[in-house]
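Close look at the chain arrangement
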Amino acid sequence: MKNFLVCLMVLSMYSTLVSCVQTTNTTTTPEKPEITYQPDITHVKNPKETIKTMLEEQPPAYAYLPTNLKVTDKSITMNVAAGGSFLTMGIPVPGMQKTDVYYYKNLGTPILSQPENQPVWNVQIVDLQGNVLYWFFANTEDEAKTFINALSYMIAHHK
């Protein structure tokens, strides 16, 4: 009887989660095309501190905010929400975290865009092959460009 109740509870949670995922997928807003932006690394001041501060100050409604964030001359290390199991369809589970390390030598040029009908700007941190590694969100276009400039500076000057 106990196993039956556990199975029933798991099935109930799974069906609720699936319906949320389906609802979320049907209401997501498409991205506008990428915005061509050539990073300007000539006037960047305190790039490591800029990256750290901006990652910490992202609009929390749009991003899983990183913790244990370290920005060094070689990399960005941070704990981020981890995907769950098959039952959660890979959706991050509260309290589950993983550590991501992004070495500047492996990063490509960040990509700027703005989600359609949204008040935020998006910067995709990508690897050299163009695979998206992390999504950074900013409240304004200027903030997004400042982040891109600082990250691009570190990519160009990594040790």
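Residues numbered from 1 in each chain as written. Predicted model: local features only at pLDDT ≥ 70, side-chain atom pairs only at ≥ 80, totals over all residues. Heavy atoms only, no water.

So, about the nonpolar core. One finds I51, L55, I76, Y104, F147 and L151 to be the most contacted residues of the largest nonpolar core, which totals 26 residues. Listing elements by their share of this core, those giving two or more residues are helix 2 (47-56), strand 1 (67-71), strand 2 (75-83), strand 5 (121-126), strand 6 (132-138) and helix 3 (141-156). Looking at this core, the element that brings in the most residues is helix 3, giving seven residues. (Core = buried A, V, L, I, M, F, W, Y, C linked by side-chain atoms within 4.5 Å. Buried < 20%, exposed > 50% of the residue type's maximum accessible area, 1.4 Å probe, protein only. Helix = DSSP H or I, 4+ residues; strand = E, 2+ residues; numbered from the N terminus.)

All told, the structure shown has two aromatic pairs when counted by the stated rule. Relative to F147, the ring of F136 has its centre 4.0 Å away and its plane inclined at 15°; by these criteria the two rings are stacked. With F136 in strand 6 and F147 in helix 3, this residue pair connects regions lying 11 residues apart in the sequence. On the basis of relative accessibility, which here comes to 1%, the residue F136 falls in the buried class. (Phe/Tyr/Trp six-rings, centres within 6.5 Å; stacked < 30°, edge-to-face > 60°.)

The end-to-end C-alpha distance of helix 3, which contains 16 residues, comes to 22 Å, matching closely the 22 Å that a straight helix rising 1.5 Å per residue would cover. Within helix 3, the full set of buried residues consists of A144, F147, I148, N149, A150, L151, S152, M154 and I155. (Expected span 1.5 Å × (residues − 1).)

Glancing now at the side chain of N79. Along the polypeptide, N79 turns up in strand 2. A polar side-chain atom of N79 sits 2.7 Å from a polar atom in the side chain of T99. (Polar contact = N/O pair within 3.5 Å; in protein donor to acceptor, adjacent residues only side chain to side chain.)

Read from one edge of the open sheet, three strands run 4-5-6, paired in antiparallel fashion. Looking at which strands have only one partner, the edges of the open sheet turn out to be strand 4 (111-113) and strand 6. Along the sheet, successive strands turn relative to each other by an average axial angle of 20°, direction set aside. Pairing between strand 4 and strand 5: three bridges, direction antiparallel. (Pairing = 2+ DSSP bridges. Axes fitted to C-alpha atoms, helices over the stretch in contact; angles between N-to-C directions.)

Geometric values such as these leave the question of function open.
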